[in-house]
Amino acid sequence: MENEEKLRQELYSKRRDELLKRQLSNSENADRAILTISIAALGFSLAFLKDLVPLRDAQFLILLYASWIAFTCAILVTLASFFSSQAAINGELIRAEKYYLEKDQSQFDRRLIEERITVSLNWVAAISFVAGVVLTCIFSGINLA
């Protein structure tokens, strides 16, 4: 009985350490993604507005505005997914404690809603980013032709 308790404590500690490492990695990746997307969107916009396509001569300017909206959406949704991910990891820490230390077997197969929300937000962010890139490319193709 004591060996089982010790094993559970060790497994819990390993799981907790793993989740805390993921939490740190999520934080770093979210910051990097937001920074990268922001810089890319700003760089594209400045290049088009300043050097390549004067606004007074631009056709389908709505495409450029839509790309800005898509990039902004990608940034905001990425930020939201970061917070959702952190909530999921916190839930996983609680779940691990209940499973390993309190021996609550029902926690083993339990999925957290924050996990599903995070996955959905990640997809929305990716789609928004791709939409921003596509809209920017279309705007460029039309106005640089």
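How each quantity is defined
- Residues numbered from 1 in each chain as written.
- Predicted model: local features only at pLDDT ≥ 70, side-chain atom pairs only at ≥ 80, totals over all residues.
- Heavy atoms only, no water.
- Salt bridge = Lys/Arg side-chain N within 4 Å of Asp/Glu carboxyl O.
- Helix = DSSP H or I, 4+ residues; strand = E, 2+ residues; numbered from the N terminus.
- Buried < 20%, exposed > 50% of the residue type's maximum accessible area, 1.4 Å probe, protein only.
- Expected span 1.5 Å × (residues − 1).
- Phe/Tyr/Trp six-rings, centres within 6.5 Å; stacked < 30°, edge-to-face > 60°.
- Lys NZ or Arg CZ within 6 Å of the ring centre and 35° of its normal.
- Core = buried A, V, L, I, M, F, W, Y, C linked by side-chain atoms within 4.5 Å.
- Contact = heavy atoms within 4.5 Å.

Draft legend 1. Up close: the pattern of salt bridges. The final tally for this structure, using the stated rule, is six salt bridges. Note that Lys103 is salt-bridged to Glu5, the shortest N-O span being 3.5 Å. Linking Lys103 in the loop between α2 (61-101) and α3 (113-144) with Glu5 in helix α1 (residues 2-52), this pair joins segments that are 98 residues apart in sequence. With a shortest N-O distance of 3.1 Å, Glu92 and Arg15 are connected by a salt bridge. Highlighted residues: Glu92 in helix α2 and Arg15 in helix α1, separated in sequence by 77 residues. Overall, Glu92 belongs to the buried group, its relative accessible area being 10%. Through salt bridges with shared partners, one network takes in Arg15, Glu18, Arg22, Glu92 and Arg95.

Draft legend 2. Summary view of α3. In a regular helix each residue adds 1.5 Å, so 32 residues correspond to 46 Å; α3 covers 46 Å between its end C-alpha atoms and thus fits that length. Three or more residues of α3 are buried, namely Thr118, Ala125, Ser128, Gly132, Thr136, Phe139, Ser140 and Asn143.

Draft legend 3. Just the packing of aromatic side chains, in detail. Within the structure shown, the criterion is met by four aromatic pairs. Between Arg8 and the ring centre of Tyr99, over which it is positioned, the NZ or CZ distance is 5.7 Å.

Draft legend 4. Just the nonpolar core, in detail. The biggest cluster of nonpolar side chains holds six residues, and these are Phe48, Val53, Ala58, Leu63, Leu64 and Phe139. Excluding residues within four positions of it along the chain, Leu63 makes contact with Leu135, Ile138, Phe139 and Ile142.

Draft legend 5. Structural detail: the environment of Leu52. Within the secondary structure, Leu52 is located in helix α1. In this structure the C-alpha to C-alpha distance between Leu52 and Ile69, which are 17 residues apart in sequence, comes to 20 Å. Residues within four places of Leu52 in sequence aside, it is in contact with Ala47 and Leu144.

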